[in-house]
Amino acid sequence: METRVGSRACACVALLLFALHACLGHEHIKLQEDEETSEDVKFRSPGEDQVKFMSPGEDQVKFMSPGEDQVKFMSPGEDQVKFRSPGEDVRVQVSGRALVPGVRTQDWISNARVLLDGDTHVGFIREDGGFSVSDVPSGSYVLEISSPTYRFQPVRVDITATGKMRARVVDYIRTAEVIRLPYPLQMRCIGRHSYFIPRETWIWSDFLMNPMVLMMVLPLLIVVLLPKVMNSSDPEMKREMEQSMNMLNSNQDLPDVSEIVTRFFSPPKSHGRAGGGARAHVGGAHGVRGGASNVRGGAPRRRSKINTAVTYSE
Amino acid sequence: MAWLVVRLAISLSLLYTASAVFEDQVGKFDWREQFVGKVRFALFDTHSQASKKLLVATDKNVFASLNSRTGDLFWRHVDKTGPEGHIDALLMYGQDAVVVVGNGRLLRSWETTVGGLKWEAVLDTGSFQAAALIGVQDFVKYVAVLKKSAISLHDLSSGSQIWVENLPDSDTVQYQTIYSGGNGLVFVLGFVPSSHIVIVEYKIEDGEIMKKKSVEAAWMSSLENSCAVISSGNLLCVDQITQSLYTLPLQSAEPTEMRTIHLQTLDLEVASGFQPVLTSTQPNPAQPPLAEFFLQLSPDHHILLQLKDDLIAPLRDFNPSYLAAFATSGEKTFAAVMTPKNDTACTINLFSADTGRRHLDTTIIYHMDPNGGKPNRLYVHAFLKKDDSVGYRVMVQTEDLTLTFLQQPGRVVWMREEALADVVTMEMVDLPLTGTQAELEGEFGKKADGLLPMVLKRLSSQFILLQAWMAHLWKLFYDARKPRSSVKNEVTIDTLSRDEFNLQKMMVMVTASGKLFGIDSKSGTVLWKQYLEDIQPNSIFKLIVQRTTAHFPHPPQCTLLIKNQDTGLGSLYVFNPIFGKKSHISVPALPRPVLQTLLLPVIDQDYAKVLLLIDDQYKVTAFPSTKNVLQQLQDTASSIFFYLVDSSQGKLSGFRLRMDLSTELIWEVVIPTEVQKIVAVKGKRANEHVHSQGRVMGDRSVLYKYLNPNLLAVITESTDIHQERSFVGIFLIDGVTGRIVHEAVQRKARGPVHFVHSENWLVYVYWNSKFRRNEFSVLELFEGAELYNSTVFSSLDRPHPPQVLQQSYIFPAPISTLEATLTEKGITSRHLLVGLPSGNILSLPKMFLDPRRPEMISEQSREENLIPYAPEMPIRTEWFINYNQTVSRVRGIYTAPSGLESTCLVVVYGLDIYQTRVFPSKQFDVLKDDYDYVLISSVLFGLFFATMISKRLAEVKLLNRAWR
């Protein structure tokens, strides 16, 4: 149970890191990296004259703790002695079953093959999903099912000189680690191959959810909707609002945005008459307020209606 | 934890580097052709007339089902290469097909409609001789397999072995044939050369030997082709020396002598030196064969004979005739015979087998390809029509592996070029300009002759252009009115012309059978083909483009060097790669074995590059060898160097050309053969460009690349194959001076080594025998922070050895081939194309194979966009450039630059051919496919109208205000 919790915590950290990385760039990853692998890594400047060599095999040594290599069946050093025993020619049959859930076998087996170590040994899948690869000499092989549509996890199959067989999880980094799998092999499809990446399509929702657009649209909504919401409230509140608005709008000379835009797009002749332009500007400001008063004019009337209704009910 | 972080960082960086195929690009610029190889067995599904199945088994160890109406594949099963996957026999019963594989090792039964395996049985070892279906009481129940020393009987429905019996005296008797007439007995026929025939009779139920007898036959040399069983168990043999036919009833009680019938009595004679062939037919394995048979007396003489009441009577003589075959439909059996009509055509006629009478209106005319080979196999599918008359279709296979499927009265239904299943080498050649374009080009080529003529010429060419444009518009208009399906842009050799971005090219492919193909890279259409006769089967080919299409009006020119592997003698075949026509240029005779070829950048007065051929006496032959060329060679001889590799002696030697076209030895490197052997030597590709001289480091300094154009990569493998002691050696040798620039040894490693040598790097893949995995290793060479001589590279003046960086990675899959992308100017980042045995082509960014990938991320490495080191190389299915269009048995990948810097053309060949384009840095120089024209134009128009309307509104507003 504890290990599971641990792994979940790990995943959480990873997720967090992912998020951090996405937000802030590489900084955090670098820090993490420093903590973990600082002891054995030398920084190599390109100017150094000697030949650098880093093989994954050497890395491997770091990952393998000596206690881990408990496998007697086949540690990498040992097996070749067994495998290469001369005069003995063991040829065995590797068999198993392949399954694609929800798909009839005859729909996918005609272009699927069983491959051992590339195509050194090839097998075909029977109509019941079973397969066998015959005449396989002793050794260690990676068995995979190659299908252009369905994906299968490869399996490592070890065959000793005596013809004993076992299956284990493929791990190219910790090659000596043994996680046993059942034999005869059970190959289960783990999904379809995804060969394509989706196009970046332009969708309205994407556009609207863009933070920049949200930043623009939300204030706009507030500006448009808030007065209407306020309108329905009581007249005292309204008066207060008006006062505060008046205080905010104390400097009436501040040019209106719409005004500037209109002036910008209007034909140059209006620019010629500077006085007219100025008047228009003032008038525009008036107009806005006039509009507001109109609203005010409409609203009380409506409210009075409500009032009358209330009186009738009383 | 660090592990996770590194992985995370990688997966993030992948998000930006990934270049995958979009789903809507499928089939847009890529195509795949699937092949099967040379057909060894072909069977038609004759059980229903509507059946379209044609089962083939080929020499490429492929078992496939073809659609006989279209020639497409229904399904195909590719077994492993080599003798272990070799298909020995193909038998068919009902819906199932039985295949004997691997010298009689495996017996497989396939369901033929979907191509699923029904059962598979492993047989005992032993060399395969024959297989036959065995019927009992009109039902086919068993299959018998005859080996050199044993016979076994298997159940057809389950594959289980009924019995296996050893053959008597199998060390002296050669058993070759099985026969069963459906009467509960299996006959095994064997013989002792020049002595006697042995007939063993087995009971089907338990394999008990019922009878064994031997009959004198002193003339006997082979059973297989010269003997056949006909008409209720009569063995019939033919012998060329005694010019006689021999018959023997198999079930006769007493071992009698074979009855001799002299061919003279039938007025027949076997051509001298020709081994006569007997062909019989057994339409139903549960019934005895027919009494009629073909006897081939010479390569073009067949005769249909009949055995009746112990007498052999000729039914019909076909002289001359190339091929003859039997076909059965229902109860009737027919014979189809191909006879020559004239030099270019043959006629195929259908005859009734029991009378030899010709069926009326059954003539099919087969036109032979003048550039192809002779027909050598005939497969017939006969069927009865509704009105009880007979109809038939034939498949003709020729020497150049073309399969032609014909229908009455000679319509070619489909054709397959199976030679393309074995492409050896290829080149891509630019297409020529169209006539009008060439006209314009010609204008610049000519010498100026006065102002007015120049103006007139310009005007006339502009007029031609205008005309061409009008014609194009008219065609567009005309096509637009026609329905979509009928407008099919047929690519023909006349309409070929270069497109805007030079994306369409001519693929010149050389196949192992000696057939050359010119294929349009855009559609995969075969535009021309040329069969070169009398090519040895194991020849080595080298294709050289001597002159491209850039030198109008000189035609492009390709030269094919054909070298016999045994004798080393070579010959040259010069042709035009666009039209496939042989050039009439005189070709130098090559009396000595050719060791090396060298294509020089020197051109003759006709703009053809000069090809040097070095023979085993180190004499050099130049082609073309005009005076002009020889003069140029004399001038530049001191700077022409070449190298020779002798892998049997482990010797690499460098030579320099002398003025008189002899050579002098300059250097020699000997790699002792008792320790390691040279596997491969590769220089860099001549047409590759390197755009940047160095790499900008994180601290803004520049690390200059070591760009030695003369560098050779030599790969060796240890002769000791023991797991602990085997190694792979890598030598980087300067081809001019012989100096070993770098040497590396990969311990506990073995081949096969795949490698790419390009720019300043070498990437190689080997098998790590300790950890049993494939590993990639990359070597990069740098000059350092400053260039020694920035203007020109000279191998002779390089005092400082380069700095070499190396890193290795685990590659979690086997590899079948490796190649790198190539673009016009080398600005685009490089990708490695990795062919996987599963048939996918992985496009791996070179970024992952960078020896400067840090183990620890630093400020500087981030600046340089270096991915942190991770031992395991990622494989993502999104990087498979051929998505689900897998290419079986990838043999080579050919990359060619296109006119667009972002685009690299890729051709993958093996059993199949796949052509596509890759964009390693995405399409930065053209608008994307999904460029949203609608959005852009709607936004533009929207803005335009919005300004118009707002302008109007503003005016109204102004006016209103003025009135107030």
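Cut-offs used in this document
- Residues numbered from 1 in each chain as written.
- Chains lettered and ligands numbered in written order.
- Predicted model: local features only at pLDDT ≥ 70, side-chain atom pairs only at ≥ 80, totals over all residues.
- Heavy atoms only, no water.
- Helix = DSSP H or I, 4+ residues; strand = E, 2+ residues; numbered from the N terminus.
- Buried < 20%, exposed > 50% of the residue type's maximum accessible area, 1.4 Å probe, protein only.
- Contact = heavy atoms within 4.5 Å.
- Areas by Shrake-Rupley, 256 points an atom, 1.4 Å probe, with all protein chains shown as cover.
- Lys, Arg positive; Asp, Glu negative; His and termini not counted.
- Charge placed at Lys NZ, Arg CZ, Asp CG, Glu CD.
- Polar contact = N/O pair within 3.5 Å; in protein donor to acceptor, adjacent residues only side chain to side chain.
- Phe/Tyr/Trp six-rings, centres within 6.5 Å; stacked < 30°, edge-to-face > 60°.

Q: I keep staring at the overall build of chain A and nothing clicks. Help me out?
A: Along its length, chain A carries eleven helices and ten strands. Taken over 314 residues, chain A has a buried fraction of 30%. Sequence-distant contacts in chain A: of pairs separated by 6 or more residues, those separated by 24 or more amount to 58%. For chain A, the accessible surface area stands at approximately 20400 Å², while carbon and sulfur atoms represent 61% of it.

Q: Looking at this model, I keep getting lost on the overall build of chain B. Mind explaining?
A: Along its length, chain B carries six helices and 62 strands. If one aligns the C-alpha atoms of chain B with their principal axes, the spans along those axes are about 120 × 85 × 70 Å. Going through the 964 residues of chain B one by one, you find that 55% of them count as buried. Accessible area for chain B stands at about 42700 Å²; split by element, carbon and sulfur atoms hold 53% of it. Between the centroid of the 94 positive side chains of chain B and the centroid of its 101 negative side chains there is a distance of 7 Å.

Q: Can you help me understand the side chain of B:Asp400 in this one?
A: Residues and elements named next belong to chain B. Turning to its location among the elements, Asp400 is positioned in the loop between strand S31 (390-398) and strand S32 (402-407). There is a polar contact of 3.2 Å between the side chain of Asp400 and the backbone nitrogen of Gly373. A polar contact of 2.6 Å, which involves the side chain of Asp400, links it to the side chain of Lys515. Not counting residues within four places of it along the chain, the set of residues in contact with Asp400 comprises Gly372, Gly373, Ala419, Lys515 and Tyr531.

Q: So what exactly am I meant to see when it comes to the packing of aromatic side chains here?
A: Taken as a whole and judged by the stated rule, the model has 28 aromatic pairs over all chains. On the basis of an interplanar angle of 75 degrees and a centroid distance of 6.5 Å, the ring pair of A:Tyr195 and A:Phe196 is categorised as edge-to-face. For A:Tyr195, a relative accessible area of 5% translates into the label buried. Considering the side-chain rings of B:Phe776 and B:Phe811, the 5.1 Å spacing of their centres and the 80 degrees angle between planes classify their relative orientation as edge-to-face.

Q: Got a minute to help me understand the side chain of B:Arg853 in this structure?
A: Residue and element names in this part refer to chain B. Among the structural elements, Arg853 can be located in the loop between strand S59 (841-845) and helix H5 (859-863). Within the structure, Arg853 has its side chain in polar contact with the backbone oxygen of Ile867 (distance 3.2 Å). Polar side-chain contacts of Arg853 include one of 3.0 Å to the backbone oxygen of Pro868.

Q: For this particular structure, what's the right way to read unusual backbone geometry?
A: When glycine is set aside, most residues are seen to have a negative phi, and most peptide bonds are trans. Residues and elements named next belong to chain B. Cis geometry marks the peptide bond from Asn319 to Pro320; its omega dihedral reads 0 degrees. In this chain, Gly751 is followed by Pro752 through a cis amide linkage whose omega measures 0 degrees. Following the sequence through the fold, Pro752 ends up in strand S53 (residues 749-758). Even without glycine at this site, Arg889 takes up a positive phi of about 50 degrees. Secondary-structure assignment places Arg889 in the loop between H5 and strand S60 (892-897). With relative accessibility at 16%, the residue Arg889 sits in the buried group.

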